[in-house]
Amino acid sequence: MTIERHGTTTRYSDVTAHDGIVYLVEVPQSIAANAADQTREVLASIETLLAKAGSDKSRLLLVTIYLRDMSDYDAMNAVWDAWVPAGTAPARACVQAHLANPGYRVEMVVTAAR
Amino acid sequence: MTIERHGTTTRYSDVTAHDGIVYLVEVPQSIAANAADQTREVLASIETLLAKAGSDKSRLLLVTIYLRDMSDYDAMNAVWDAWVPAGTAPARACVQAHLANPGYRVEMVVTAAR
Amino acid sequence: MTIERHGTTTRYSDVTAHDGIVYLVEVPQSIAANAADQTREVLASIETLLAKAGSDKSRLLLVTIYLRDMSDYDAMNAVWDAWVPAGTAPARACVQAHLANPGYRVEMVVTAAR
């Protein structure tokens, strides 16, 4: 069965899809922004990537959220809670971790259904 | 294909399932408990959630375990090792990370087959 | 549907597979080695395990890389970039986390298609 990929570089693809499931990882573009703005940016990118792979934000299955500082938990959640369509929230983990760029305050790993 | 969800709030679902695969994340209820007791609690909740989604603990595929302190590794493993049915252990990662509530000593992310 | 497992102990399996998808977690053997050598070792083990489960490194869907020190990011990536077949890179997350053994500088969690 074919693997679909978008935004493929030497290192990673922006999104992969196979047999009805979509996989993607997203980090912020604006590394000087606060957690709320970075979360908005990451979620907007996730929507774009899900669309490329034939899914959407009402089809999330599992999301892992990495926060550089857990003190951003409430700021991130305020954006997240407003973004998730009612009744469709995925299984979700949230843990604190330093990320590849010290300016990243949030990184999200998404598994979704097409 | 339909997504099945249980325990859905604005923020997360306790468990999601789609096309033969179950996804869930579990944290402890008793935030003052030690790592062994929190692990017992998390694993008991995982069993309940797997049952709701038509799976069980002999059908685990991949588990990521986050520990607040890696010094709890042996205490967590003693409970884990006794809980996993012989011959059915999943692929398993274990890493240290601060979690959403400072009282959480363990969080588990589970992918299982129905 | 049957779950295939290889290298199953009381605690974990080296690799599991179900319905066209392979799941595996790999840590280094040489705990005194530097990040580049540990990455080479982990990637070689991943190739072996993928082969056991009927997949290969051109079929990766999602990889999470844990680094003990993010200062090893460039050293790990140099090995990773040369290892991934052109045009087949997976969705990839990379976060910093202390791992089960203080000598582990890298741990990788892989989801791949058969």
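Our structure is the block above this text.
Note that the structure is a prediction, hence the values are computed from the model and not measured. (Residues numbered from 1 in each chain as written. Chains lettered and ligands numbered in written order. Predicted model: local features only at pLDDT ≥ 70, side-chain atom pairs only at ≥ 80, totals over all residues.)

## Overview of the overall build of chain A
Using the following cut-off: Here a strand is any run of E in DSSP of at least two residues, a helix any run of H or I of at least four, and the numbering for each starts at the N terminus. Here the globule rule reads 2.2 Å times residues to the power 0.38, and the radius of gyration is calculated from C-alpha atoms. Exposure is read from a count of other C-beta atoms within 10 Å of each residue's own; the residue is exposed at 12 or fewer, buried at 20 or more and partly exposed in between. C-beta atoms are placed from the backbone. Residue pairs are scored as contacts if the distance between their C-beta atoms, which are placed from the backbone, is within 7 Å.
The helix and strand tally for chain A stands at 2 helices and 6 strands. Listed N to C, the secondary structure of chain A is β-β-β-α-β-α-β-β in terms of helices and strands. Here chain A has a C-alpha radius of gyration of 14 Å; the compact-globule value for 114 residues is 13 Å, and the two agree. Across its three principal directions, the C-alpha atoms of chain A cover 45 × 35 × 20 Å. Burial status across chain A gives 51% buried among its 114 residues. Sequence separation of 24 or more characterises 73% of the internal contacts of chain A that already satisfy a separation of 6 or more.

## With respect to the sheet that holds strand β2 (residues 15-18) of chain B
All names here are of chain B. Short version of the rule: Strand pairing is defined by DSSP finding a minimum of two bridges between the two strands. Axes here refer to lines fitted to C-alpha atoms; in helices the fit is confined to the stretch in contact. Angles between the N-to-C directions go from 0 to 180 degrees.
Ordered by their spatial adjacency, 6 strands build an open sheet running β1-β2-β3-β6-β4-β5, and the pairing between neighbours is mixed. In this open sheet, the two edge strands, each paired with only one partner strand, are β1 (4-6) and β5 (91-96). Between one strand axis and the next, the sheet turns through 10 degrees on average, direction left out of account. By the bridge criterion, 6 bridges tie strand β3 (residues 21-26) to strand β6 (residues 106-113) in an arrangement that is antiparallel. Its bridge partner lying in β6, Val25 is registered against Val109.

## Some words on the interface of chain C and chain A
Operational definition: Three residue categories are used. Nonpolar comprises Ala, Val, Leu, Ile, Met, Phe, Trp, Tyr, Cys and Pro, charged comprises Asp, Glu, Lys and Arg, and polar comprises the others, including Gly.
Across the contact, 23 residues belong to chain C and 22 residues belong to chain A. Tallying contributions element by element places strand β5 (residues 91-96) of chain C first for the side of chain C that touches chain A, with 6 residues. Taken together, the residues of the side of chain C that touches chain A sort by class into 14 nonpolar, 6 polar and 3 charged.

## Here we look at the relation of the copies chain C and chain B
Counted only if it meets this: We place the copies in one frame by least squares, fitting the C-alpha atoms of every residue whose pLDDT is at least 70 in both.
With an RMSD of 0.0 Å, chain C superimposes on chain B once it is rotated by 120 degrees and translated 0.0 Å along the axis. Seen this way, the second copy is the image of the first under a three-fold rotation axis. If distances are taken from each C-alpha of chain C to the rotation axis, the shortest is found for C:Ala97, at 3.8 Å.

## Some thoughts on the packing of helix α1 (residues 35-52) of chain B against helix α2 (residues 73-83) of chain B
All names here are of chain B. Operational definition: Note: crossing handedness is left-handed where the near helix turns anticlockwise from the far helix by less than a right angle, and right-handed where it turns clockwise.
The N-to-C vectors of α1 and α2 enclose an angle of 35 degrees; their axes lie 8 Å apart at closest approach. Crossing angle aside, the handedness with which α1 passes α2 is right-handed. Contacts from Ala35, Ala36, Thr39, Arg40 and Leu43 of α1 reach α2 at Ala75, Met76, Ala78, Val79, Trp80 and Trp83. Its residues assigned to classes, the contact of α1 with α2 shows 9 nonpolar, 1 polar and 1 charged.

## Considering the pairing of strand β2 (residues 15-18) of chain A
All names here are of chain A. Going residue by residue along β2, you find Val15 and Ala17 tucked away on one face and Thr16 and His18 tucked away on the opposite face as well. With 3 bridges joining them, strand β1 (residues 4-6) and β2 adopt antiparallel strand pairing. Directly across from Glu4, in β2, lies its bridge partner Ala17. Pairing of β2 with strand β3 (residues 21-26), which is carried by 4 bridges, proceeds in the antiparallel orientation. When the bridges of β3 are listed, His18 appears paired with Ile21. If you look at the hairpin formed by β2 and β3, you'll find 2 residues sitting between the two strands, and Asp19 has a positive phi there, around 55 degrees.

## Brief notes about the relation of the copies chain C and chain A
With an axial shift of 0.0 Å and an RMSD of 0.0 Å, the rotation relating chain C to chain A amounts to 120 degrees. Looking at chain C, a mere 4% of its interface residues are interface residues in chain A too, so the copies touch through different faces.

## Digging into the environment of A:Asp14
Residues and elements named next belong to chain A. Along the chain, the position of Asp14 falls in the loop between β1 and β2. Residue Asp14 is classed as buried on the basis of its 20 C-beta neighbours within 10 Å. For the pair formed by Asp14 and Leu24, sequence separation is 10 residues and the distance between their alpha carbons is 6.1 Å.

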